[in-house]
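# Observations on the model geometry
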Amino acid sequence: ELRFKSKKEDMEYGIYLVWLPFLSAWLTDTFAYFGGRFFGRHKLCPEISPKKTVEGSISGVIGAIAGYLVYGIVLNNVWHLNINFTLFLSIGAVTSVLSQMGDLFASCIKRENGVKDFYTPDEARKFTVADYNKNPELWKKVNESRLRWK
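Residues numbered from 1 in each chain as written. Predicted model: local features only at pLDDT ≥ 70, side-chain atom pairs only at ≥ 80, totals over all residues. Heavy atoms only, no water.

## Let's talk about the environment of Gly102
- Along the polypeptide, Gly102 turns up in helix α4 (residues 85-113).
- You can call Gly102 partly exposed: its relative accessible area is 37%.
- Between the C-alpha atom of Gly102 and that of Ala25, which follows or precedes it by 77 residues, the distance is 9.9 Å. (Helix = DSSP H or I, 4+ residues; strand = E, 2+ residues; numbered from the N terminus. Buried < 20%, exposed > 50% of the residue type's maximum accessible area, 1.4 Å probe, protein only.)

Below, the structure is given as structure tokens:
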């Protein structure tokens, strides 16, 4: 049974459960991408994110639930956790929807600021001098984004 307790001895399985939000985001993004590519016909929010589709969104939720089911079976059979699958799969569905909402919110911020990608100063350091010499606009873009993050 998936329970949330504060006693130290009851937290021994936390190492397995801490991965749930990450698992949900990865599965949702992956299944939404491929579901949208193969089945996508109806735009979800074209003014915010023109490539996202309703079918991709639904595929993301289904993929996250399926991934949670597999992970729950592994936790149940390999590590002998007594998983409440109804709660576990519900958490998968809710975190999948929240993951997609967060992605759309990030897209809103990017659209509002007229940027395609977020760059932090650390990410900007990944570019080499050759990249900047080939594309002077890259230098301008990185510097503009650097000012936004200060």
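## Examining unusual backbone geometry
- One non-glycine residue with positive phi stands out, namely His80, at about 55°.
- Examined against the element boundaries, His80 turns out to sit in the loop between α3 (54-77) and α4.
- Judged by its relative accessible area of 61%, His80 falls in the exposed class.

## What about helix α2 (residues 20-39)?
- With 20 residues, α2 extends 27 Å from end C-alpha to end C-alpha; this agrees with the ideal 28 Å at 1.5 Å per step.
- When we look at burial in α2, the residues that qualify are Leu20, Ser24, Leu27, Thr28, Gly35 and Gly36. What you see down the axis of α2 is that its buried residues fit within an arc of 145°, all on one side. Structural note: α2 exposes Trp26 and Arg37 on the side pointing more than 90 degrees away from its buried face. (Expected span 1.5 Å × (residues − 1). Arc of directions from axis to C-beta.)

## Thoughts on the confidence of the model for the protein chain
- For the protein chain, the average pLDDT comes to 81, and 68% of its residues sit at 70 or higher.
- Within the protein chain, helix α5 (residues 121-124) has the poorest average pLDDT of any element, 54, and α3 the best, 96. (pLDDT = per-residue confidence, 0-100.)

## So, the packing of aromatic side chains
- All told, the structure shown has 8 aromatic pairs when counted by the stated rule.
- Taken together, a centroid distance of 5.0 Å and an interplanar angle of 80° make the contact between Tyr33 and Phe34 edge-to-face.
- In this structure Tyr33 comes out as partly exposed when scored by relative accessible area, which is 46%.
- Overall, the relative accessible area of 44% leaves Phe34 in the partly exposed class.
- Taken together, the aromatic side chains of Trp19, Phe22 and Trp26 make up a single cluster linked through ring pairs. (Phe/Tyr/Trp six-rings, centres within 6.5 Å; stacked < 30°, edge-to-face > 60°.)

## Focus on the pattern of salt bridges
- Enumeration over the complete set of coordinates arrives at 1 salt bridge.
- A salt bridge links Lys52 to Asp103, with the shortest nitrogen-to-oxygen separation between them at 2.9 Å. Here Lys52, found in strand β2 (residues 49-53), pairs with Asp103, found in helix α4; they are 51 residues apart in sequence, far enough to count as distant. (Salt bridge = Lys/Arg side-chain N within 4 Å of Asp/Glu carboxyl O.)

## Some details on the pairing of β2
- The pairing of strand β1 (residues 43-45) with β2 spans 2 bridges and is classified as antiparallel. Each bridged residue has a counterpart across the sheet, and for Cys45 the counterpart in β2 is Ser49.
- Between β1 and β2, which pair antiparallel in sequence order, lie 3 residues. (Pairing = 2+ DSSP bridges.)

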